[in-house]
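# Breakdown of the fold
Here is what each chain is made of, one letter per residue.
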Amino acid sequence: MLIPGSFPDELLFSRLIRHFIQSGITSTDYLEWMYGTRKVSIHPVLTCDLKNISRFAKENAQTLFYQQTLAPLFLTFMPNKSAALKKLMASGGSSKAIRICQYHQFNQSAGLSLKYCSRCAKHDIQTYGVAYWHREHQIPGVGVCSTHGILLAVEYLPERQRLSESLLPVVNEDKRAGSTTDTRFSQYSKDVLNHFSQPDRKLNLTVYKNELQKQGYITNYGRVRRKKLVGDFFEFAKQFTATDSIFLPKNEEDYKYFSFLLSGSINQHPTKHLLLEFWLFRDLEKLLSAKKEKRKKAKVKIAKVHKTIKVVKKIQVPDKPVKITKAIKQQIYTLALRGFHRSAIARQFGISAGSVEQEISNHPGMVEHRKRCKFESRRRRYRLQITRFRQSNPNALRKDVRKAHDKAYIWLYHYDRPWLEQALPKATKPKPKGRVDWTQRDNELADRVRVLMVAHKGQLSRSKLDKLLGGHGWMIKQQNKLPKAMQVYWDLSK
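Residues numbered from 1 in each chain as written. Predicted model: local features only at pLDDT ≥ 70, side-chain atom pairs only at ≥ 80, totals over all residues. Heavy atoms only, no water.

## Thoughts on the pattern of salt bridges
Where charged atoms of side chains with opposite charge meet at close range, the side chains can pair. Throughout the structure, instances matching the rule amount to 14 salt bridges. Notably, a salt bridge pairs Glu-59 with Arg-15, separated by 3.3 Å at the nearest N-O pair. Residue Glu-59 is located in the loop between α3 (50-54) and α4 (61-67), and its partner Arg-15 is located in helix α1 (residues 12-23); the two are separated by 44 residues in the primary sequence. Owing to a relative accessible area of 19%, Glu-59 belongs among the buried residues under this scheme. Of the charged contacts in the structure, one is a salt bridge between Lys-190 and Glu-136, with a shortest N-O distance of 3.4 Å. Separated by 54 residues along the polypeptide, Lys-190 in helix α10 (residues 180-195) and Glu-136 in the loop between α9 (118-128) and β2 (153-156) bring together distant segments of the chain. For Glu-136, a relative accessible area of 9% translates into the label buried. Beyond isolated ion pairs, a larger network of salt bridges with shared partners links Asp-29, Glu-32 and Arg-38. (Salt bridge = Lys/Arg side-chain N within 4 Å of Asp/Glu carboxyl O. Helix = DSSP H or I, 4+ residues; strand = E, 2+ residues; numbered from the N terminus. Buried < 20%, exposed > 50% of the residue type's maximum accessible area, 1.4 Å probe, protein only.)

Have a look at this one:
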(Lines give C-alpha, C1' and ligand atoms only; values in the text may rest on other atoms or scores of the structure.)
Protein backbone atom coordinates (compact mmCIF):
# COMPACT_ATOMS: atom_id res chain seq x y z
CA MET A 1 0.00 0.00 0.00
CA LEU A 2 1.90 3.03 -1.30
CA ILE A 3 1.62 6.54 0.07
CA PRO A 4 -0.39 8.84 -2.27
CA GLY A 5 1.64 10.95 -4.66
CA SER A 6 2.55 14.47 -3.59
CA PHE A 7 0.71 17.59 -4.71
CA PRO A 8 2.61 20.78 -5.63
CA ASP A 9 4.51 22.13 -2.60
CA GLU A 10 3.03 19.52 -0.24
CA LEU A 11 4.57 18.52 3.08
CA LEU A 12 5.49 14.89 3.63
CA PHE A 13 3.45 15.04 6.84
CA SER A 14 0.40 16.03 4.79
CA ARG A 15 0.84 12.97 2.57
CA LEU A 16 1.01 10.75 5.65
CA ILE A 17 -2.22 12.28 6.96
CA ARG A 18 -3.99 11.65 3.64
CA HIS A 19 -2.66 8.10 3.55
CA PHE A 20 -3.83 7.50 7.11
CA ILE A 21 -7.33 8.72 6.25
CA GLN A 22 -7.48 6.49 3.16
CA SER A 23 -6.29 3.44 5.09
CA GLY A 24 -9.34 3.51 7.40
CA ILE A 25 -7.42 2.03 10.34
CA THR A 26 -6.70 3.47 13.76
CA SER A 27 -3.72 5.74 14.36
CA THR A 28 -1.94 3.20 16.56
CA ASP A 29 -2.32 0.45 13.94
CA TYR A 30 -1.09 2.83 11.23
CA LEU A 31 2.04 3.68 13.24
CA GLU A 32 2.59 -0.02 13.91
CA TRP A 33 2.39 -0.72 10.19
CA MET A 34 4.54 2.25 9.10
CA TYR A 35 7.22 2.35 11.82
CA GLY A 36 6.91 -0.99 13.58
CA THR A 37 6.01 0.65 16.89
CA ARG A 38 3.12 2.66 18.27
CA LYS A 39 5.30 5.01 20.31
CA VAL A 40 6.18 7.39 17.49
CA SER A 41 5.62 11.15 17.36
CA ILE A 42 5.80 12.49 13.79
CA HIS A 43 7.23 15.99 13.46
CA PRO A 44 5.19 18.00 10.92
CA VAL A 45 7.98 19.92 9.15
CA LEU A 46 11.13 17.94 10.06
CA THR A 47 9.76 14.45 9.50
CA CYS A 48 12.43 11.83 10.18
CA ASP A 49 12.99 8.13 9.39
CA LEU A 50 12.90 8.97 5.69
CA LYS A 51 14.58 5.74 4.58
CA ASN A 52 11.76 3.77 6.13
CA ILE A 53 9.05 6.03 4.68
CA SER A 54 10.60 5.89 1.20
CA ARG A 55 9.81 2.15 1.10
CA PHE A 56 6.13 3.08 0.88
CA ALA A 57 6.57 6.02 -1.53
CA LYS A 58 7.61 6.41 -5.15
CA GLU A 59 10.43 8.80 -4.22
CA ASN A 60 13.73 8.05 -2.52
CA ALA A 61 14.79 9.42 0.86
CA GLN A 62 16.82 12.26 -0.67
CA THR A 63 13.83 13.57 -2.64
CA LEU A 64 11.64 13.47 0.46
CA PHE A 65 14.35 15.26 2.42
CA TYR A 66 14.87 18.14 -0.02
CA GLN A 67 11.43 18.53 -1.59
CA GLN A 68 8.92 17.80 1.19
CA THR A 69 10.43 19.06 4.47
CA LEU A 70 11.94 22.33 5.71
CA ALA A 71 15.36 20.71 6.11
CA PRO A 72 16.90 22.62 3.12
CA LEU A 73 16.55 25.90 5.04
CA PHE A 74 18.46 24.53 8.01
CA LEU A 75 21.12 22.98 5.77
CA THR A 76 21.67 26.30 4.00
CA PHE A 77 22.01 28.44 7.11
CA MET A 78 23.56 25.84 9.45
CA PRO A 79 26.19 24.31 7.12
CA ASN A 80 28.33 22.89 9.94
CA LYS A 81 25.38 20.74 11.05
CA SER A 82 24.35 19.52 7.59
CA ALA A 83 25.99 16.08 7.74
CA ALA A 84 24.54 15.26 11.16
CA LEU A 85 21.07 16.54 10.19
CA LYS A 86 20.97 14.44 7.01
CA LYS A 87 22.01 11.33 8.90
CA LEU A 88 19.50 11.81 11.72
CA MET A 89 16.54 12.60 9.45
CA ALA A 90 17.28 9.61 7.24
CA SER A 91 17.16 7.41 10.34
CA GLY A 92 14.82 7.64 13.31
CA GLY A 93 16.74 10.31 15.26
CA SER A 94 13.87 12.77 15.43
CA SER A 95 14.61 14.30 18.84
CA LYS A 96 18.31 14.87 18.08
CA ALA A 97 17.52 16.39 14.68
CA ILE A 98 15.07 18.84 16.26
CA ARG A 99 17.66 19.84 18.88
CA ILE A 100 20.26 20.46 16.16
CA CYS A 101 17.84 22.77 14.33
CA GLN A 102 16.90 24.55 17.59
CA TYR A 103 13.29 24.28 16.43
CA HIS A 104 11.65 24.40 19.85
CA GLN A 105 13.74 27.38 20.97
CA PHE A 106 12.16 29.61 18.31
CA ASN A 107 8.78 27.94 18.06
CA GLN A 108 5.59 29.42 19.50
CA SER A 109 5.11 28.93 23.24
CA ALA A 110 1.77 27.20 22.58
CA GLY A 111 3.56 24.27 20.93
CA LEU A 112 3.80 22.85 17.43
CA SER A 113 1.48 24.26 14.82
CA LEU A 114 0.76 24.26 11.10
CA LYS A 115 -0.30 27.25 9.00
CA TYR A 116 -2.55 27.42 5.99
CA CYS A 117 -4.22 29.90 3.63
CA SER A 118 -8.01 29.67 3.34
CA ARG A 119 -7.97 30.61 -0.34
CA CYS A 120 -5.27 28.06 -1.11
CA ALA A 121 -7.36 25.43 0.69
CA LYS A 122 -10.39 26.34 -1.43
CA HIS A 123 -8.31 26.16 -4.62
CA ASP A 124 -6.86 22.78 -3.60
CA ILE A 125 -10.32 21.33 -3.00
CA GLN A 126 -11.54 22.57 -6.38
CA THR A 127 -8.43 21.31 -8.20
CA TYR A 128 -7.36 18.15 -6.35
CA GLY A 129 -10.45 17.31 -4.31
CA VAL A 130 -8.73 17.77 -0.94
CA ALA A 131 -6.95 20.54 0.96
CA TYR A 132 -3.39 19.87 2.06
CA TRP A 133 -0.54 21.49 3.98
CA HIS A 134 1.76 23.65 1.85
CA ARG A 135 5.46 23.60 2.65
CA GLU A 136 6.01 27.31 1.95
CA HIS A 137 3.39 28.28 4.56
CA GLN A 138 5.32 26.45 7.31
CA ILE A 139 8.49 28.59 7.06
CA PRO A 140 9.00 30.04 10.58
CA GLY A 141 8.38 33.78 10.64
CA VAL A 142 6.14 33.73 7.55
CA GLY A 143 2.59 34.76 8.45
CA VAL A 144 1.14 35.79 5.07
CA CYS A 145 0.38 33.75 1.96
CA SER A 146 2.73 34.79 -0.84
CA THR A 147 0.07 34.04 -3.50
CA HIS A 148 -3.05 35.67 -2.03
CA GLY A 149 -1.52 38.15 0.44
CA ILE A 150 -3.83 37.21 3.35
CA LEU A 151 -2.90 36.19 6.89
CA LEU A 152 -2.29 32.50 7.45
CA ALA A 153 -4.57 30.63 9.83
CA VAL A 154 -2.88 28.56 12.55
CA GLU A 155 -3.78 25.01 13.58
CA TYR A 156 -2.15 23.84 16.82
CA LEU A 157 -1.21 20.18 17.03
CA PRO A 158 -1.51 17.73 19.91
CA GLU A 159 1.63 17.31 21.98
CA ARG A 160 2.44 13.74 20.97
CA GLN A 161 -0.01 11.81 18.80
CA ARG A 162 -0.49 13.93 15.65
CA LEU A 163 -2.35 11.54 13.36
CA SER A 164 -5.93 12.71 13.11
CA GLU A 165 -8.61 12.37 10.45
CA SER A 166 -9.56 16.03 10.90
CA LEU A 167 -6.00 17.35 10.67
CA LEU A 168 -6.23 18.99 7.24
CA PRO A 169 -6.80 22.66 6.29
CA VAL A 170 -10.36 23.94 6.14
CA VAL A 171 -11.98 26.83 4.30
CA ASN A 172 -12.95 29.67 6.63
CA GLU A 173 -14.10 33.24 6.22
CA ASP A 174 -11.05 34.90 7.83
CA LYS A 175 -9.40 36.67 4.89
CA ARG A 176 -7.58 39.58 6.50
CA ALA A 177 -4.92 41.04 4.26
CA GLY A 178 -1.30 41.26 5.38
CA SER A 179 1.04 44.18 4.84
CA THR A 180 2.98 44.62 1.62
CA THR A 181 6.28 43.97 3.39
CA ASP A 182 5.00 40.72 4.89
CA THR A 183 3.78 39.54 1.49
CA ARG A 184 7.08 40.34 -0.22
CA PHE A 185 8.99 38.62 2.57
CA SER A 186 6.80 35.52 2.17
CA GLN A 187 7.54 35.46 -1.56
CA TYR A 188 11.27 35.90 -0.92
CA SER A 189 11.30 33.09 1.67
CA LYS A 190 9.45 30.82 -0.76
CA ASP A 191 11.99 31.55 -3.53
CA VAL A 192 14.91 30.81 -1.19
CA LEU A 193 13.37 27.53 -0.02
CA ASN A 194 12.66 26.36 -3.57
CA HIS A 195 16.11 27.36 -4.83
CA PHE A 196 18.03 25.53 -2.14
CA SER A 197 15.80 22.45 -2.35
CA GLN A 198 18.42 20.99 -4.68
CA PRO A 199 21.26 18.89 -3.20
CA ASP A 200 24.08 20.71 -4.99
CA ARG A 201 23.17 24.31 -4.06
CA LYS A 202 24.90 26.06 -1.19
CA LEU A 203 25.26 29.62 0.10
CA ASN A 204 28.41 31.34 1.29
CA LEU A 205 27.30 33.29 4.36
CA THR A 206 30.13 35.80 3.92
CA VAL A 207 27.99 37.46 1.26
CA TYR A 208 26.29 39.40 4.09
CA LYS A 209 29.49 41.10 5.15
CA ASN A 210 30.36 42.00 1.57
CA GLU A 211 27.00 43.68 1.05
CA LEU A 212 27.08 45.38 4.45
CA GLN A 213 30.49 46.82 3.60
CA LYS A 214 29.13 48.15 0.29
CA GLN A 215 26.29 49.88 2.12
CA GLY A 216 28.64 51.41 4.69
CA TYR A 217 27.77 49.30 7.72
CA ILE A 218 31.25 47.73 7.89
CA THR A 219 34.45 49.71 7.57
CA ASN A 220 37.33 48.80 5.28
CA TYR A 221 39.12 47.45 8.34
CA GLY A 222 36.28 45.03 9.13
CA ARG A 223 34.73 46.88 12.06
CA VAL A 224 30.93 46.84 12.26
CA ARG A 225 29.10 50.14 12.80
CA ARG A 226 26.72 48.57 15.30
CA LYS A 227 24.56 51.57 16.18
CA LYS A 228 23.82 52.46 12.57
CA LEU A 229 23.28 48.83 11.57
CA VAL A 230 20.93 47.89 14.43
CA GLY A 231 19.11 51.23 14.27
CA ASP A 232 18.36 51.02 10.54
CA PHE A 233 17.34 47.37 10.70
CA PHE A 234 15.10 48.00 13.72
CA GLU A 235 13.29 50.75 11.82
CA PHE A 236 12.86 48.40 8.87
CA ALA A 237 11.54 45.62 11.14
CA LYS A 238 8.66 47.85 12.26
CA GLN A 239 7.05 47.24 8.85
CA PHE A 240 6.44 43.58 9.72
CA THR A 241 3.05 42.87 11.28
CA ALA A 242 2.73 39.10 10.87
CA THR A 243 6.26 38.02 11.84
CA ASP A 244 6.85 36.76 15.37
CA SER A 245 8.81 39.24 17.49
CA ILE A 246 11.28 36.57 18.63
CA PHE A 247 12.93 36.73 15.20
CA LEU A 248 13.35 40.55 15.30
CA PRO A 249 15.62 42.83 17.38
CA LYS A 250 14.20 43.72 20.78
CA ASN A 251 15.14 47.38 20.53
CA GLU A 252 17.59 49.78 18.90
CA GLU A 253 20.37 48.59 21.22
CA ASP A 254 20.05 44.84 20.65
CA TYR A 255 23.63 44.48 19.44
CA LYS A 256 23.76 40.75 20.16
CA TYR A 257 21.30 40.21 17.33
CA PHE A 258 23.95 40.96 14.68
CA SER A 259 26.97 39.90 16.75
CA PHE A 260 25.82 36.30 16.70
CA LEU A 261 24.45 36.49 13.17
CA LEU A 262 27.66 37.84 11.60
CA SER A 263 30.15 35.94 13.75
CA GLY A 264 29.82 32.75 11.70
CA SER A 265 30.68 30.64 14.75
CA ILE A 266 27.21 30.43 16.35
CA ASN A 267 24.25 28.80 14.61
CA GLN A 268 21.28 31.11 14.21
CA HIS A 269 17.72 30.37 13.17
CA PRO A 270 17.13 30.44 9.37
CA THR A 271 14.43 33.09 9.75
CA LYS A 272 17.01 35.60 11.03
CA HIS A 273 19.10 34.95 7.93
CA LEU A 274 16.05 35.35 5.71
CA LEU A 275 15.16 38.67 7.32
CA LEU A 276 18.71 39.99 6.91
CA GLU A 277 18.87 38.83 3.28
CA PHE A 278 15.48 40.35 2.50
CA TRP A 279 16.59 43.66 3.99
CA LEU A 280 19.86 43.71 2.06
CA PHE A 281 18.82 42.26 -1.31
CA ARG A 282 14.99 42.15 -1.50
CA ASP A 283 15.33 39.64 -4.36
CA LEU A 284 16.84 36.17 -4.69
CA GLU A 285 18.55 36.97 -7.99
CA LYS A 286 20.47 39.82 -6.35
CA LEU A 287 21.57 37.47 -3.58
CA LEU A 288 22.82 34.87 -6.03
CA SER A 289 24.60 37.44 -8.20
CA ALA A 290 26.24 38.93 -5.11
CA LYS A 291 27.43 35.44 -4.22
CA LYS A 292 29.54 35.34 -7.38
CA GLU A 293 31.21 38.69 -6.74
CA LYS A 294 34.54 38.57 -5.03
CA ARG A 295 35.29 41.02 -2.31
CA LYS A 296 37.77 43.59 -3.53
CA LYS A 297 40.85 43.82 -1.38
CA ALA A 298 42.48 47.15 -0.78
CA LYS A 299 45.83 47.52 -2.52
CA VAL A 300 48.64 47.42 -0.05
CA LYS A 301 51.53 49.77 -0.72
CA ILE A 302 54.78 50.06 1.17
CA ALA A 303 56.72 53.34 0.99
CA LYS A 304 60.47 52.95 0.87
CA VAL A 305 63.02 55.64 -0.10
CA HIS A 306 60.39 57.73 -1.92
CA LYS A 307 59.35 54.73 -4.00
CA THR A 308 56.06 52.82 -3.99
CA ILE A 309 56.38 49.04 -4.09
CA LYS A 310 53.25 47.07 -4.93
CA VAL A 311 52.74 43.74 -3.25
CA VAL A 312 52.81 40.96 -5.82
CA LYS A 313 49.57 38.96 -5.86
CA LYS A 314 49.21 35.18 -5.67
CA ILE A 315 52.19 34.73 -3.36
CA GLN A 316 51.33 32.32 -0.58
CA VAL A 317 53.25 32.85 2.61
CA PRO A 318 52.89 30.01 5.11
CA ASP A 319 51.70 31.13 8.53
CA LYS A 320 54.34 30.61 11.16
CA PRO A 321 53.23 29.33 14.57
CA VAL A 322 52.99 32.06 17.16
CA LYS A 323 55.68 31.80 19.78
CA ILE A 324 54.36 32.39 23.28
CA THR A 325 56.90 34.76 24.76
CA LYS A 326 57.16 35.95 28.34
CA ALA A 327 55.33 39.16 27.42
CA ILE A 328 52.45 37.19 25.92
CA LYS A 329 52.36 34.91 28.97
CA GLN A 330 52.12 37.95 31.22
CA GLN A 331 49.27 39.42 29.16
CA ILE A 332 47.47 36.05 29.22
CA TYR A 333 47.85 35.98 32.99
CA THR A 334 46.49 39.54 33.30
CA LEU A 335 43.45 38.84 31.13
CA ALA A 336 42.79 35.53 32.88
CA LEU A 337 42.98 37.28 36.24
CA ARG A 338 40.30 39.73 35.06
CA GLY A 339 37.98 36.88 34.11
CA PHE A 340 38.22 36.88 30.30
CA HIS A 341 37.17 33.65 28.59
CA ARG A 342 39.98 31.48 27.27
CA SER A 343 38.53 31.59 23.72
CA ALA A 344 38.57 35.41 23.78
CA ILE A 345 42.16 35.39 25.00
CA ALA A 346 43.11 32.90 22.29
CA ARG A 347 41.63 35.12 19.56
CA GLN A 348 43.49 38.11 21.00
CA PHE A 349 46.90 36.50 20.46
CA GLY A 350 46.12 34.14 17.58
CA ILE A 351 46.78 30.95 19.54
CA SER A 352 44.66 27.96 20.48
CA ALA A 353 42.36 27.83 23.50
CA GLY A 354 44.29 24.79 24.73
CA SER A 355 47.50 26.83 24.89
CA VAL A 356 45.72 29.49 26.92
CA GLU A 357 44.32 26.86 29.26
CA GLN A 358 47.79 25.41 29.72
CA GLU A 359 49.28 28.79 30.62
CA ILE A 360 46.45 29.41 33.08
CA SER A 361 47.05 26.05 34.72
CA ASN A 362 50.75 26.81 35.15
CA HIS A 363 50.00 29.73 37.49
CA PRO A 364 49.41 28.50 41.06
CA GLY A 365 45.92 29.27 42.32
CA MET A 366 44.71 30.75 39.00
CA VAL A 367 42.26 27.93 38.25
CA GLU A 368 40.66 28.22 41.69
CA HIS A 369 40.53 32.00 41.34
CA ARG A 370 38.70 31.79 37.98
CA LYS A 371 36.26 29.23 39.38
CA ARG A 372 35.54 31.51 42.31
CA CYS A 373 35.08 34.52 40.00
CA LYS A 374 32.71 32.52 37.81
CA PHE A 375 30.75 31.42 40.87
CA GLU A 376 30.47 34.97 42.21
CA SER A 377 29.51 36.35 38.80
CA ARG A 378 26.76 33.80 38.41
CA ARG A 379 25.49 34.41 41.93
CA ARG A 380 25.33 38.18 41.38
CA ARG A 381 23.52 37.71 38.07
CA TYR A 382 20.92 35.32 39.48
CA ARG A 383 20.41 37.42 42.59
CA LEU A 384 19.78 40.45 40.41
CA GLN A 385 17.20 38.56 38.33
CA ILE A 386 15.24 37.53 41.43
CA THR A 387 15.51 41.00 42.99
CA ARG A 388 14.30 42.83 39.90
CA PHE A 389 11.40 40.45 39.47
CA ARG A 390 10.35 40.95 43.10
CA GLN A 391 10.55 44.73 42.70
CA SER A 392 8.38 44.73 39.57
CA ASN A 393 5.96 42.09 40.96
CA PRO A 394 5.56 42.78 44.69
CA ASN A 395 2.48 40.54 45.00
CA ALA A 396 4.05 37.54 43.27
CA LEU A 397 4.12 34.16 45.00
CA ARG A 398 7.07 31.82 45.23
CA LYS A 399 5.79 29.71 42.37
CA ASP A 400 5.58 32.85 40.21
CA VAL A 401 9.24 33.64 40.91
CA ARG A 402 10.30 30.13 39.99
CA LYS A 403 8.18 30.12 36.85
CA ALA A 404 9.71 33.40 35.66
CA HIS A 405 13.35 32.53 36.51
CA ASP A 406 13.53 28.79 36.94
CA LYS A 407 17.27 28.47 36.23
CA ALA A 408 18.22 31.21 38.69
CA TYR A 409 15.82 29.82 41.30
CA ILE A 410 17.23 26.28 41.15
CA TRP A 411 20.85 27.45 41.23
CA LEU A 412 20.31 29.72 44.23
CA TYR A 413 18.31 26.99 45.96
CA HIS A 414 21.33 24.67 45.79
CA TYR A 415 24.19 27.13 46.36
CA ASP A 416 22.75 30.21 48.09
CA ARG A 417 19.63 29.04 49.90
CA PRO A 418 19.80 31.42 52.90
CA TRP A 419 19.74 34.47 50.63
CA LEU A 420 16.99 32.96 48.47
CA GLU A 421 14.77 32.27 51.48
CA GLN A 422 15.23 35.86 52.61
CA ALA A 423 14.52 37.32 49.14
CA LEU A 424 11.47 35.23 48.39
CA PRO A 425 8.00 36.17 49.65
CA LYS A 426 6.77 34.37 52.74
CA ALA A 427 5.39 30.96 52.02
CA THR A 428 1.61 30.78 52.24
CA LYS A 429 -0.21 27.72 53.45
CA PRO A 430 -2.22 26.05 50.71
CA LYS A 431 -5.93 26.59 50.97
CA PRO A 432 -7.78 23.51 49.81
CA LYS A 433 -10.63 24.24 47.50
CA GLY A 434 -13.84 22.36 48.12
CA ARG A 435 -14.73 19.91 45.44
CA VAL A 436 -18.45 20.70 45.82
CA ASP A 437 -20.18 24.03 45.41
CA TRP A 438 -22.70 23.61 48.25
CA THR A 439 -24.50 26.86 47.44
CA GLN A 440 -25.31 25.67 43.96
CA ARG A 441 -26.25 22.23 45.22
CA ASP A 442 -28.50 23.78 47.87
CA ASN A 443 -30.39 25.77 45.22
CA GLU A 444 -30.84 22.68 43.05
CA LEU A 445 -31.98 20.46 45.92
CA ALA A 446 -34.46 23.02 47.21
CA ASP A 447 -36.52 22.69 44.02
CA ARG A 448 -36.33 18.89 44.01
CA VAL A 449 -37.25 18.68 47.70
CA ARG A 450 -40.29 20.90 47.09
CA VAL A 451 -41.51 18.65 44.24
CA LEU A 452 -41.07 15.43 46.24
CA MET A 453 -42.68 16.78 49.39
CA VAL A 454 -45.70 18.06 47.48
CA ALA A 455 -46.02 14.76 45.62
CA HIS A 456 -46.05 12.80 48.91
CA LYS A 457 -48.16 15.39 50.76
CA GLY A 458 -45.43 16.07 53.26
CA GLN A 459 -45.38 12.46 54.52
CA LEU A 460 -41.66 11.85 54.05
CA SER A 461 -38.96 11.40 56.62
CA ARG A 462 -35.50 12.76 55.93
CA SER A 463 -34.10 9.26 55.36
CA LYS A 464 -36.81 8.42 52.78
CA LEU A 465 -36.40 11.82 51.15
CA ASP A 466 -32.65 11.34 50.92
CA LYS A 467 -33.19 7.91 49.36
CA LEU A 468 -35.43 9.44 46.68
CA LEU A 469 -32.75 12.09 46.01
CA GLY A 470 -30.19 9.37 45.28
CA GLY A 471 -29.17 8.03 48.66
CA HIS A 472 -26.16 10.32 49.08
CA GLY A 473 -26.88 11.21 52.69
CA TRP A 474 -27.06 14.94 51.93
CA MET A 475 -30.27 15.58 53.90
CA ILE A 476 -28.86 13.70 56.90
CA LYS A 477 -25.08 14.25 57.07
CA GLN A 478 -24.78 17.58 55.25
CA GLN A 479 -27.92 19.33 56.45
CA ASN A 480 -25.90 22.27 57.84
CA LYS A 481 -24.64 23.03 54.32
CA LEU A 482 -28.15 22.98 52.79
CA PRO A 483 -30.13 25.73 54.56
CA LYS A 484 -32.62 26.37 51.73
CA ALA A 485 -33.40 22.70 51.11
CA MET A 486 -33.85 22.03 54.82
CA GLN A 487 -36.11 25.07 55.18
CA VAL A 488 -38.31 23.79 52.32
CA TYR A 489 -38.45 20.37 54.00
CA TRP A 490 -39.51 21.73 57.39
CA ASP A 491 -42.10 24.04 55.83
CA LEU A 492 -43.78 21.22 53.89
CA SER A 493 -43.42 18.36 56.39
CA LYS A 494 -46.47 17.41 58.49
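Still more ground to cover, so stick around.
## So, the confidence of the model for the protein
On average, residues of the protein score 85 in pLDDT, and 90% of them reach the 70 mark or higher. Within the model, pLDDT remains below 50 along residues 298-312, and this stretch shows 9 contacts once partners closer than five positions in the same chain are excluded. (pLDDT = per-residue confidence, 0-100. Contact = heavy atoms within 4.5 Å.)

## Some words on the side chain of Ser-189
Relative to the assigned elements, Ser-189 resides in helix α10. The residues touching Ser-189, leaving out its near neighbours within four places in the chain, are Ile-139, Val-142 and Leu-274.

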